[in-house]
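Structure assessment
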Amino acid sequence: MDSNERLFEITFAMMKDQKHKLMLDDFLYLNDNLSDEHPFVEDDELEMANQLMPMKFMFTMTVVCVKGCLHVNVNLMDIEMHENDALLLTPGSILERIEPEPDTKLLIMAFANDIDNSALNFATASVRKYFLRPALFHGDKEDMEELLGVYKLMRLILTHRRNDYTREKIENLLKGLTLLFLGQKSRFEQEQNYQRPTRQEEILLDFIQEVHDGCQEHRDLKYYADRLCLSASYLAHVVSETSGRHASEWIKDAVILEAKAMLHKGSYTVQQVSLALNFPNQSFFGKYFKSAVGVSPRQYQQNG
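Attention in this report is confined to the structure presented alongside it. (Residues numbered from 1 in each chain as written. Predicted model: local features only at pLDDT ≥ 70, side-chain atom pairs only at ≥ 80, totals over all residues. Heavy atoms only, no water.)

Brief notes about the environment of Thr62
As for its position among the elements, Thr62 is in strand E5 (residues 60-67). Note on Thr62: relative accessible area 4%, which makes it buried. The contacts of Thr62, once residues within four sequence positions are left out, are Ala86, Leu87, Leu88, Leu107, Ile108, Met109, Phe111 and Phe181. (Helix = DSSP H or I, 4+ residues; strand = E, 2+ residues; numbered from the N terminus. Buried < 20%, exposed > 50% of the residue type's maximum accessible area, 1.4 Å probe, protein only. Contact = heavy atoms within 4.5 Å.)

Below is the structure:
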C-alpha cells in the first residue's frame, strides 16, 4: 500500500519552535495572531497546508476564536466559529478546511499524546473522558478574559525561561486551563466536578484511540483486543455497556470517515481509497461503504 494514497497525518513531532510559535519539551505548542506583527501562519505555510488537506491530526489541539469569524470543516462537519468560541480537536480529527475571515484573531494550543507529565495527563484524561469527538464551546466575555490571561502568561513564561521552574509553572497553568474548559461544559451540560474515568471508561477510550490509529488497515475486533491485551468478547462487552454502541459500529464509523474525507477531496479514485483502507478489492469496499452510507463510493464522490 502506497502511504502517499493515505490522508496526510500531522504528528506533534512536526510542530516547530520558531518565530512566534513556542514549544515546551515537545509536549506543548502555542501559536496566535493576536498581534498584527505576527501572522497565524506564513503565506507559504498556508498554501502548503491547503495543498495537503484533508489532513489528520494525531494530537489534541484547541483553536480559540478571540475576534472575528472562522470557518472550519472537521470530520466532514462545517463549523462556524465566532468571538469567544473554542474548538477542541481530539486525536484522529480530520481537518479539510480552515478559513478565517479578514481581521480574525486566533490562538491555538496543541498537546502531545502519551507524555509522562502530570498536568498534561490531567488535561488529556479530562478531555478523553468527556469528549470522544471534536467539541465546540460557546464562551462569554469572562471566559475569554480568563483564557487569554492564562495563555498570555504561558507565552510570557516560555519567552523568558528565566529559571529552572518554567515547566512547573506551565504545568500548573495547564491545570487551570483544563478546569476552565470543564467549567464551561458543566454550565452547559450540568456536569459535576472532574472525576477519574472508571476502568471500563478507560478501556473504551483506549479502544477508540486505537481505532483512530489503526482503522486504515484493521477492521477486525480481535486486532484491537490484542492491542489492549484483552479478549475480543470482553472488549466487545465493555464497549457496548459503556458507550451504548457495538464495537463494530465504532470501527465502521472511523473507516467510513476516512473514506468520506478522501472521496470528498476529489484527489483520490475509488480504487485508491479502497487500497489505502486495506480492502481486498474495490467491490468489497463498495459494498462496505454503501451498507453504511446508503450510496456507492462513486455516487458519494459525484454528489460531494
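Brief notes about the environment of Lys169
When you line up the elements, Lys169 lands in helix H4 (residues 166-189). Lys169 sits 11 residues away from Leu158 along the chain, and the two C-alpha atoms are 9.7 Å apart. Dropping the residues within four chain positions of it, Lys169 is found in contact with Ile157 and Asn163.

Observations concerning helix H3 (residues 141-160)
Taking 1.5 Å of rise per residue, 20 residues should cover 28 Å, and H3 covers 28 Å from first to last C-alpha, within 8% of that figure. Those residues of H3 not exposed but buried are Asp143, Met144, Leu147, Leu148, Val150, Tyr151, Met154, Arg155, Ile157 and Leu158. You can read the cap of H3 off the contacts: a side-chain oxygen lies 3.2 Å from the backbone nitrogen of Glu142, and it is on Asp140. (Expected span 1.5 Å × (residues − 1). Polar contact = N/O pair within 3.5 Å; in protein donor to acceptor, adjacent residues only side chain to side chain.)

Comments concerning the packing of aromatic side chains
In the structure shown here, the tally under the stated rule is 9 aromatic pairs. An angle of 90 degrees between the planes, with centres 5.6 Å apart, marks the rings of Phe12 and Phe59 as edge-to-face. Remark: Phe59 occurs in the loop between strand E4 (55-57) and E5 and Phe12 occurs in the loop between strand E1 (8-10) and strand E2 (22-24); sequence separation between them is 47 residues. The class of Phe59 is buried, set by a relative accessible area of 1%. Pairing Phe285 with Phe289 gives two aromatic rings, centres 5.9 Å apart and planes at 55 degrees, and the pair type is tilted. Here Phe285 and its partner Phe289 are both found in helix H10 (residues 282-293), 4 residues apart, which amounts to about one turn of the helix. Overall, Phe289 belongs to the buried group, its relative accessible area being 0%. Put simply, the rings of Phe279, Phe284, Phe285, Tyr288, Phe289 and Tyr300 touch in pairs and so form one group of aromatic residues. A cation sits over an aromatic face here: Arg219 above Phe279, 3.7 Å from the ring centre. (Phe/Tyr/Trp six-rings, centres within 6.5 Å; stacked < 30°, edge-to-face > 60°. Lys NZ or Arg CZ within 6 Å of the ring centre and 35° of its normal.)

Side note on the packing of helix H5 (residues 199-214) against helix H7 (residues 232-243)
Running from amino to carboxyl end, H5 crosses H7 at an angle of 105 degrees, the nearest separation of the two axes being 9 Å. When the axis of H5 is compared with that of H7, the two are roughly perpendicular. Here Gln200, Glu201, Ile203, Leu204 and Phe207 of H5 lie close against H7, whose contacting residues are Tyr234, Leu235, Val238, Val239, Thr242 and Ser243. Taken together, the residues of the contact of H5 with H7 sort by class into 7 nonpolar, 3 polar and 1 charged. (Axes fitted to C-alpha atoms, helices over the stretch in contact; angles between N-to-C directions. Parallel < 35°, antiparallel > 145°, perpendicular 65-115°, else oblique. Nonpolar A, V, L, I, M, F, W, Y, C, P; charged D, E, K, R; others polar.)

A short note on the sheet that holds E2
Strand order in the open sheet formed by 6 strands is E2-E3-E10-E5-E8-E11, and the pairing between neighbours is antiparallel. Each edge of the open sheet is held by one strand with a lone partner, namely E2 and strand E11 (135-138). Taking each pair of neighbouring strands and ignoring which way they run, the sheet shows an average axis angle of 15 degrees. Bridge count for E5 against strand E10 (residues 105-111) is 7 bridges, and the pairing is antiparallel. Across the sheet, Thr62 pairs through a bridge with Met109, a residue of E10. Running over the sheet, H3 touches E2, strand E3 (28-32), E5 and E10 and is turned about 110 degrees from E3. (Pairing = 2+ DSSP bridges.)

Some words on the sheet that holds E1
A sheet is described by the order of its strands in space; here 5 strands give the open sequence E1-E4-E9-E6-E7, paired in mixed fashion. Where the open sheet ends on each side, the last strands, each with one partner, are E1 and strand E7 (77-82). Averaged over all neighbouring strand pairs, the angle between strand axes comes to 35 degrees, with direction disregarded. Where E1 and E4 come together, 3 bridges link them in parallel fashion. Directly across from Glu9, in E4, lies its bridge partner Lys56.

As for the pairing of strand E9 (residues 94-100)
Here E4 pairs with E9 via 2 bridges, running antiparallel. Residue pairing across strands places Lys56 opposite Ile94, the latter belonging to E9. Here strand E6 (residues 69-74) runs beside E9; their pairing, made up of 5 bridges, is antiparallel. Considered in E9, the bridge of Asn73 is made with Arg97.

Section: the side chain of Thr104
Position of Thr104 relative to the elements: it lies in the loop between E9 and E10. From its side chain, Thr104 meets the backbone oxygen of Glu101 in a polar contact 2.7 Å long. Discounting chain neighbours no more than four positions away, the residues touching Thr104 are Asn33, Cys65, Lys67, Gly68 and Cys69.

A word on a negative patch on the surface
A surface patch of negative charge is lined by Asp140, Glu142, Glu145 and Glu146. Looking at the secondary structure, you find Glu146 in helix H3. (Patch = residues over 30% accessible without salt bridge, like charges linked within 9 Å, V, L, I, M, F, W, Y side chains within 5 Å. Areas by Shrake-Rupley, 256 points an atom, 1.4 Å probe, with all protein chains shown as cover. Salt bridge = Lys/Arg side-chain N within 4 Å of Asp/Glu carboxyl O. Lys, Arg positive; Asp, Glu negative; His and termini not counted. Charge placed at Lys NZ, Arg CZ, Asp CG, Glu CD.)

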